[in-house]
Amino acid sequence: MEIEPDRQTFPMRNRTISGWSHGILVVEAGLNSGALITCIAGNRTRKIRYAVPGHINAPSAMGSNRLIQQGAKLVMDASDILDDLQILLPEAKPSAEAAARPLPPLSEDERRIYDAIEATETSIDKITEKTKLSSAAVSSTLLQLELKRLVKQLPGKYFIKLG
């Protein structure tokens, strides 16, 4: 049975599209765009939302700019998305030389938190529980470790160690 696309079936189609995806990229969207329906559906199922910024006076960019304002990841080029997809399509294992590379000097809290991150993605709650540090201390220290490129935050406040 074929159903012709019409105004009433677009939201259903957009929810289906968001269900199939790992993330949703909005390049340009007005405030009443169907792309925003897809993003809302994707947000409910914890999909990563990406948006390309547009001119602040362009009506056709109001929706995508609003998504960025509401926490969608700002996309300036393809690498902004490809970095996230490394989790789905991991790079080759690091060489023995890279694995043997020592960590930079770490404070006691940085070392405790780094060691609390398991081989797979680890939730911030589990890190806080394992380290017995305050959630504020864990959050700020994780940011320091991200800036040192030792850990990476994933959607849902999960963290992984970087090679």
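Rules of the game
Residues numbered from 1 in each chain as written. Predicted model: local features only at pLDDT ≥ 70, side-chain atom pairs only at ≥ 80, totals over all residues. Heavy atoms only, no water. Helix = DSSP H or I, 4+ residues; strand = E, 2+ residues; numbered from the N terminus. Contact = heavy atoms within 4.5 Å. Pairing = 2+ DSSP bridges. Axes fitted to C-alpha atoms, helices over the stretch in contact; angles between N-to-C directions. Parallel < 35°, antiparallel > 145°, perpendicular 65-115°, else oblique. Left-handed = near helix turned anticlockwise from the far one by under 90°. Nonpolar A, V, L, I, M, F, W, Y, C, P; charged D, E, K, R; others polar.

1. Brief notes about the environment of Ser-64
- Within the element layout of this structure, Ser-64 appears in helix H3 (residues 62-69).
- In this structure the C-alpha to C-alpha distance between Ser-64 and Leu-25, which are 39 residues apart in sequence, comes to 9.3 Å.
- Setting aside anything within four residues of it in sequence, one finds Ser-64 in contact with Val-26, Val-27, Glu-28, Ala-29, Ala-51 and Val-52.

2. Structural notes on the sheet that holds strand E2 (residues 48-51)
- Pairing in this open sheet of three strands is parallel, and the strands run E1-E2-E3 from one edge to the other. The open sheet has two free edges, formed respectively by strand E1 (23-26) and strand E3 (73-74), since each of these has just one partner strand.

3. Focus: the packing of helix H7 (residues 124-131) against helix H8 (residues 135-147)
- Contact pair H7 / H8: the axes reach a minimum separation of 10 Å and the direction vectors enclose 115°. Taken as axis vectors, H7 and H8 run roughly perpendicular relative to one another. In terms of crossing hand, the pair formed by H7 and H8 is right-handed. Contacts from Ile-124, Ile-127, Thr-128 and Thr-131 of H7 reach H8 at Ser-135, Val-138, Ser-139 and Leu-142.
- Residue composition of the contact of H7 with H8, grouped by class: four nonpolar, four polar and no charged.

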